[in-house]
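# Secondary and tertiary structure notes
Each chain is listed here by its residues.
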Amino acid sequence: MAARRAGAGCWQRALWLSRLCRLQAGPESYRCSSSSTALGKAVDSSEVAEEEIVLPRRKTWNKLAVLQTLASTVNRDPTAAHYMFQDDPFLMPRNSANSRLYSLSKESGRNAAKYIVKNFPQYFDKTFAEPNVPCLMPETLTPRIEGVSEEALKERIKLRRVKESVDIFDQLVQAGTPLSLETTNSLLDLLCFYGDEESTSENEEEAKEDLEEPGVNASEEKAPKRQFQRGLQSSGPRWRDNNHAERIFKIMPERNAHSYCTMIRGMVKHGAFAKAYDMYIDLLNERHKADVHTFNALIKAAPILKEKFIERWELTKEFLTHMAQQEVQPNLLTFNAVLKALRRCGGVGRSMALLVVKEMEALDIEPSLATYDHLLSIFYRGVDLPPSGIISEVLDEVEKRSFTPQDPDDANFFSTAMQVCCDLKDIKLAYRLNKGMEKGDNWKFLDVDRLNGYWSKFFSLLCMMEQIEVVLKWYKEMSPSLFYPTPKNILDLLQALDAANQLEVIPAVWEDVKQLGFTRRQELLEEFLSLMSRDQHPDEIQLAFAKCAEDIKAAHEPAGREQVPLEWTGSTLGNVVVLFSRAGRTQDAWNMMELFQQTNRIPTDKVMNEFLNCAKQTNCPEEAIKLVKLAASLGLPSSQRLKSRTEEEFELSEIQKKTLESIKWDGDSSDSDSSDSDSDRE
């Protein structure tokens, strides 16, 4: 009722305003019109030019308008993890490895639930949801048609029951029951998609094919294909000789273009490239025409069918020529397949790629992110290639649009482009790329793994090229909400702090390292200790550094039976001693000095001088004498100098002086031995 009164009140005010407008304007009043005749009458057309005011009766809102408005009022929390981990705080990831493990675990749980529902449907026959939303309920996957008939076969095909479909087909053929061409082609579609394997939740999505080889030189005449074939073999089941699809295709009484096209696409999908090409030749001999999807699959397989770069391009052109002869209109995926093939054509690819893009423009086909991804891979693959302006032109286009998924390779663009920015060491291009990624819904192309890789590369480039204030600002905003720093990112950040002479930030970075679980990374520990022990700092900072050194010392101690303790190196031991000594922690420093003898390491002069200075500041002559004994037992040449400093800088008691004098030097014993031997000779 309140809403009706509000609506009626608005409508009455609109009528009142229209009447007031006519009364004030006089004979040359403006005409206020709407779909209702009660709003006013039309004035004479001979009057002065009039302005039309249209009052809409109703505003149509998007179904998600309210949610979008609410979402615009909420900003990203830089301290929170990805939203997919919010359901269970106990499983909040600590680093990128945990993030990947937990996300895969959630997906594995969904697949397990689907498996249970699919194999035990009798336990899920009741609906408790109120109101019932059919699209959110489990699908009905139980066959309802019993017996052996064409209708039963169609139902099994629709339910993606590969083995049951093949069994019913064989029984129908043995019984002499004729089957329609449409049903047989549907069975071929099922077999070619799943490759003779039973459908599961893991392989229901088409496996992504990566037709790119590792970096090759443009001067090569031939390119290896073993690694490429091995990559395709791992993407899904292989095409077996005389499998069910081939057997059914051979016994079909009649075949049409759809039959051949299905077989070609299935063979390419599952790695039988030579068979796919032979099947295409049979299609041409039977005077059939292939569809655009079949040509796209053949173009993707062209780099495998030929070895030389020029032969690969010639075969690709041959397929394009056949498309024109058969009047098959190319689409976006066709040109993306051509560019993907050119990625494996060396210098030929770089010379032809831009011509392919111009042909797309001529046909009014708008590029997708996969198009730009292939272009960047073509022009920026070799480390010895000169910088090109291609990426700048690509970013000009990306910054203007909000893309929608059209190609499986669309998701690779932002990671590839950020890698190019890192290779070129161009921070301005990286900022432009990041702006394009945040345009509209472009950020959705980055899943959890790609998102972490993208921001990791971006952060490494920031550490290399930006001021330290900017680096720390991005670091606080990005971690852990956008990415989890890798050990390399931490090393890059430490180098940036060192270059900017802001080592006082190191304790805060060390706390993040503990949170990330990197306290047992030897290269990280050595870098931390090296930077903290290199120079003398104010007392407050030295105390914080000593706290970090204590954590590093604890990381070298075994925490359990299955955990192997880290091995102490001479530099690590020495740096910890220096940090403890500068913080005035004499006993902790001496405990570390004892480890030199236990681990057969040799302390440097700097380490012993720092410890001696600490003993002097804390007035511990006993520790100084112990240091002289340790140096003498290790046979260090600096032991005499340490003894002299101890005698000069410390107030020693008579007992301590005798103890210091009683220390035996390896040099003295050797000299006495040599003198004894000389006397014996005489």
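An unreviewed UniProt entry lists the chain under the name Small ribosomal subunit protein mS39, with Willisornis vidua given as the organism. UniProt, in its Subcellular location (unreviewed entry) section for the chain, records the words "Mitochondrion". Here the chain is described in UniProt, under the heading Sequence similarities (unreviewed entry), as follows: "Belongs to the mitochondrion-specific ribosomal protein mS39 family."

Next up on the list: the pattern of salt bridges. Under the counting rule described, the total for this entry stands at 34 salt bridges. We note a salt bridge from Asp498 to Arg534, for which the minimum N-O separation is 2.5 Å. Linking Asp498 in helix H21 (residues 487–499) with Arg534 in helix H23 (residues 522–534), this pair joins segments that are 36 residues apart in sequence. According to the relative accessible area criterion, Arg534 is partly exposed, its value standing at 39%. Between Arg585 and Asp588 there is a salt bridge; the shortest N-O distance is 2.9 Å. Judged by its relative accessible area of 23%, Arg585 falls in the partly exposed class. Members of the salt-bridge network, linked through shared partners, are Glu155, Arg156, Arg161 and Glu164.

Bringing the side chain of Ser377 into the picture now. Topologically, Ser377 is positioned in helix H15 (residues 369–379). Overall, Ser377 belongs to the buried group, its relative accessible area being 7%. If we ignore the near neighbours within four places in the chain, the residues touching Ser377 are Arg343 and Thr416.

We now examine the environment of Pro93. With respect to the helices and strands, Pro93 occurs in the loop between helix H2 (65–72) and helix H3 (96–119). According to the relative accessible area criterion, Pro93 is buried, its value standing at 9%. Sequence separation between Pro93 and His82 is 11 residues, and the spatial gap between their C-alpha atoms is 9.1 Å. For Pro93, the contacting residues outside a window of four places in its chain are Ala81, Phe85, Asn98, Ser99, Tyr102 and Tyr484.

Here helix H17 (residues 413–424) crosses helix H18 (residues 427–437) at 165°, and the two axes come no closer than 9 Å. As far as their axial angle goes, H18 and H17 are roughly antiparallel. As for the relative orientation of H17 and H18, their crossing is left-handed in sense. Mapping the contact onto sequence places Phe413, Phe414, Ala417, Met418, Cys421 and Leu424 in H17 and Leu429, Ala430, Leu433, Gly436 and Met437 in H18. Of the residues assigned to the contact of H17 with H18, the class counts are 10 nonpolar, one polar and no charged.

We now examine helix H13 (residues 332–342). With respect to burial, H13 is a largely interior element, 10 of its 11 residues being buried. Taken together, the buried positions of H13 are occupied by Leu332, Thr334, Phe335, Asn336, Ala337, Val338, Leu339, Lys340, Ala341 and Leu342. Lining the buried residues of H13 we find helix H11 (292–305), helix H12 (309–325), helix H14 (346–362) and H15. In this structure Asn331 caps H13, since a side-chain oxygen of it lies 3.2 Å from the backbone nitrogen of Leu333.

Moving on, we get to unusual backbone geometry. With an omega of 0°, the peptide bond between Ser479 and Pro480 qualifies as cis. Here Pro480 is to be found in the loop between helix H20 (468–478) and H21. Unlike most non-glycine residues, Arg160 shows phi in positive territory, near 60°. Residue placement: Arg160 occurs in the loop between helix H4 (150–158) and helix H5 (162–174). The class of Arg160 is partly exposed, set by a relative accessible area of 36%. Phi at Asn619 is positive, roughly 55°, even though this residue is not glycine. Examined against the element boundaries, Asn619 turns out to sit in the loop between helix H27 (605–617) and helix H28 (621–633).

Criteria and thresholds
- All residue numbers refer to position in the chain's written sequence, counted from 1.
- Residue-level local features of this predicted model are given only where pLDDT is at least 70; pairs of side-chain atoms are given and counted only at 80 or more, and the full residue set underlies all totals for whole chains, interfaces and linings.
- To obtain the side-chain values, all non-hydrogen atoms of the structure were included, while hydrogens and water were left out.
- UniProt positions are given in the numbering used here, feature names are shortened, and annotations may be inferred rather than shown by experiment.
- For this analysis, a salt bridge means a side-chain nitrogen from Lys or Arg found within 4 Å of a carboxyl oxygen belonging to Asp or Glu.
- Strands are runs of DSSP state E lasting at least 2 residues, helices are runs of H or I lasting at least 4, and numbering of each runs from the N terminus.
- Note on classification: 1.4 Å probe, protein chains only; a residue is buried when its accessible area is under 20% of the maximum for its type, exposed when over 50%, partly exposed between these limits.
- Two residues qualify as a contact provided that any one of their heavy atoms is within 4.5 Å of a heavy atom in the partner residue.
- Every axis corresponds to a line fitted to the C-alpha atoms, with the helix fit spanning only the stretch in contact, and the corresponding angles, defined between N-to-C directions, vary from 0 to 180 degrees.
- Roughly parallel covers angles under 35 degrees, roughly antiparallel covers those over 145, roughly perpendicular covers 65 to 115, and oblique covers all other angles.
- Definitions for this section: a left-handed crossing has its near helix turned counterclockwise from the far helix by less than a right angle. A right-handed crossing has that turn clockwise.
- Amino acids outside the nonpolar list (Ala, Val, Leu, Ile, Met, Phe, Trp, Tyr, Cys, Pro) and the charged list (Asp, Glu, Lys, Arg) are all regarded as polar, and Gly is one of them.
- Counting of polar contacts relies on pairs of N or O atoms within 3.5 Å, with two restrictions inside protein: one atom must be capable of donating a hydrogen and the other of accepting it, and residues adjacent in sequence are counted only when both atoms are side-chain atoms.

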